[in-house]
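Now for the letters of each chain:
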Amino acid sequence: MKKTSLVSRSGRFGAGPAADVARFTESISFDWQLWRHDILGSKAHAQMLRKVGLLTAPECRAILKGLDEIQEEIAAGKFRWKESLEDVHMNLEAELTRRVPAGAKLHTGRSRNDQVALDMRLWLREQTGELLGELRSLQRALVELGEREKDVIIPGYTHLQRAQPVYLAHHLLAFVEMLARDRERLHQGLARTNVCPLGSGALAGSTLPLDREMLARLLGFIDSQGRPQVAQNSMDAVSDRDFAVEFCSTAALLAVHLSRLAEDLVLWASSEFSFIKIADAYTTGSSLMPQKKNPDVAELARGKSARVIGNLVALLTLLKGLPMTYNRDLQEDKERLFDSVDTVRRTVRICTGMLGHIVMNRPACAAAASDPALLATDLADYLVRKGLPFRQAHHAVGSVVALAERKRKSLNELALSELQSVNGLFAGDALKLFALGPALARRKQTGSPGTAEVRKQLARWRKTLAGEITGTVRKA
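Residues numbered from 1 in each chain as written. Predicted model: local features only at pLDDT ≥ 70, side-chain atom pairs only at ≥ 80, totals over all residues. Heavy atoms only, no water.

*Asks:* So what exactly am I meant to see when it comes to the overall build of the protein here?
*Replies:* The helix and strand tally for the protein stands at 18 helices and four strands. Here the C-alpha atoms of the protein give a radius of gyration of 30 Å, more than 25% beyond the 23 Å that 2.2 N^0.38 yields for 476 residues. Each principal axis of the C-alpha atoms in the protein carries an extent, and together these give about 100 × 55 × 40 Å. Burial analysis of the protein (476 residues in total) assigns 49% to the buried set. Long-range contacts, defined as pairs at least 24 residues apart, comprise 72% of the intrachain contacts of the protein with a sequence gap of at least 6. A total accessible area of about 23000 Å² is found for the protein, and carbon and sulfur atoms account for 53% of it. A gap of 3 Å separates the mean positions of the 67 positive and 54 negative side-chain charges of the protein. (Helix = DSSP H or I, 4+ residues; strand = E, 2+ residues; numbered from the N terminus. Rg over C-alpha atoms; globule rule 2.2 N^0.38 Å. Buried < 20%, exposed > 50% of the residue type's maximum accessible area, 1.4 Å probe, protein only. Contact = heavy atoms within 4.5 Å. Areas by Shrake-Rupley, 256 points an atom, 1.4 Å probe, with all protein chains shown as cover. Lys, Arg positive; Asp, Glu negative; His and termini not counted. Charge placed at Lys NZ, Arg CZ, Asp CG, Glu CD.)

Right, dumping it as structure tokens:
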């Protein structure tokens, strides 16, 4: 059987692993994405080694120069990744050592165990920051659509049955609130991601005089007061993937929120609802039926949630039986994390674009919202204000609804005498309750779909999101 050699193979072995083993164990096919962060960590490590006297100044300069050159080649697409070198760490170290003899000293006091933990934290910290900005843009798109269509009223639904009237903006703001919680969870996870594991070695640190606090400062692992955030247990530092699980958990919930938004758009775009028209650029046709215009982008956004949820389950299952500390099983964490990040970021961006290309079918919305049955609860509230206990009022209005069905009338078509045949508390002003505008204006509580309240909430979110852009507000 053909053998292949690896730079990472120690003197303990007489030969390299078999070719099929090398193919089975390689991770360069996906962990190459960490190259920027691996180089960043290596530069900081070299500067720290120089400070503590384990590298000379010329050696440090040569290493930094070599890393800069390699970085430029990778960015230009000229670097050749070698599967035989197993992973991103060994590819970069081997190339550096080939160019700069002092590169052989760079791994002093460092293990691939703490190196990969560092790279993943650096990468996820960067990706989380990008996602936070993209979520803000999605929130803005929802607010902008709500403001643009601020007078549109649609039925609110429970059990997918028409329930009570709400402004479209109120419905959209529900998703803005969901995304605010997602962003809050990302901020909280970011604080726990921002801890430096470098200097923990394979699992037991090092006998060399490493300056871990310097590393943390150089790499931006600091708290709001500028204090270095350094992992406090070397065994935990190299085996901890809680930060990845936390992100995947938040990503799964975010994906569910995006799926629910997509589901509403799919329903609203259907001929049965016909509340919206999605621009051609965000729809597709049928290979057989020429009349079809399918909301495939929204459907895929809905479907992507399945893979993100699956990534969370896979990562939890991966970790659940691992003994301390590092085990090679942890190589499987990256593809799950990478995919979750990529999937939610792409879905957030496409949803933002799609929302900007939606046109409301105002007549269809108005026709659906004008159903008098949507104000049956207002009729019960009328009786409550007359002194009737709510349960009795609820029963009475249910009887009114049944009466209207028997007479094949809408609620607002019933005569006063017919209302009074059910309950004598009804008076002439009861029939005025079915005016949709005044009905929404009566809803004045915080968080309600009332006219003034919805305007207030739109203004609040517009100000909040604008403040974040200018830096006056850091998070929702």
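There's more to say after this.
*Asks:* Just checking my understanding: could you explain the pattern of salt bridges for this structure?
*Replies:* Where charged atoms from two side chains of opposite charge come close, those side chains can pair. Under the criterion given, the structure shown has 34 salt bridges. Its salt-bridge partner being Glu147, residue Arg462 comes within 1.9 Å of it at the nearest N-O pair. Of the two residues, Arg462 sits in helix α18 (residues 451–470) while Glu147 sits in helix α6 (residues 112–148), which places them 315 residues apart along the sequence. Residue Asp223 is joined to Arg227 by a salt bridge in which the shortest nitrogen-to-oxygen separation is 2.6 Å. Given a relative accessible area of 47%, Arg227 falls into the partly exposed group. (Salt bridge = Lys/Arg side-chain N within 4 Å of Asp/Glu carboxyl O.)

*Asks:* So what exactly am I meant to see when it comes to the nonpolar core here?
*Replies:* Generally speaking, a soluble globular protein has its nonpolar side chains buried in company with each other. Residues Ile63, Leu142, Phe247, Leu265, Leu337 and Leu355 are the most contacted members of the largest nonpolar core, which totals 127 residues. The element contributing the most residues to this core is helix α10 (residues 242–269), with 16 residues. Excluding residues within four positions of it along the chain, Leu142 makes contact with Leu172, Phe175, Val176, Leu179, Leu261 and Leu355. (Core = buried A, V, L, I, M, F, W, Y, C linked by side-chain atoms within 4.5 Å.)

*Asks:* It is not clear to me how the pairing of strand β2 (residues 161–167) should be interpreted in this structure. Could you clarify?
*Replies:* Along a regular strand, successive side chains alternate from one face of the sheet to the other. Here strand β1 (residues 153–158) runs beside β2; their pairing, made up of six bridges, is antiparallel. Bridged to Ile153 within β2 is Tyr167. Here β1 folds back onto β2 in antiparallel fashion, the turn holding two residues, of which His159 has a positive phi close to 55°. (Pairing = 2+ DSSP bridges.)

*Asks:* What's the story with the side chain of Ser259 in this structure? I'm lost.
*Replies:* Along the polypeptide, Ser259 turns up in helix α10. Given a relative accessible area of 13%, Ser259 falls into the buried group. Among residues more than four places away in sequence, those in contact with Ser259 are Ala301, Arg302 and Ser305.

*Asks:* What should I look at first to understand unusual backbone geometry in this one?
*Replies:* Excluding glycine, most residues fall at negative phi; most peptide bonds, likewise, are trans. Of note, the amide linkage connecting Met324 to Thr325 takes the cis form, showing an omega dihedral of -5°. Considering the arrangement of structural elements, one finds Thr325 in the loop between α11 (296–319) and α12 (333–355). Of note, the phi angle at His159 is positive, near 55°, even though the residue is not glycine. By the element assignment, His159 lies in the loop between β1 and β2. Since its relative accessible area comes to 76%, His159 is described here as exposed. Look at Arg408: it is not a glycine, yet its phi comes out positive at around 55°. Note on placement: Arg408 falls in the loop between α15 (390–407) and α16 (416–422). On the basis of relative accessible area, Arg408 is assigned to the exposed category, the value being 79%.

*Asks:* Just to check I follow, could you spell out a nonpolar patch on the surface for this structure?
*Replies:* Taken together, the side chains of Leu253, Val256, Ile309 and Val313 make up a nonpolar region of the molecular surface, amounting to roughly 270 Å² of accessible area. Following the sequence through the fold, Val313 ends up in helix α11. (Patch = residues over 30% accessible without salt bridge, like charges linked within 9 Å, V, L, I, M, F, W, Y side chains within 5 Å.)

In short, shape yes, function no, at least from these values alone.
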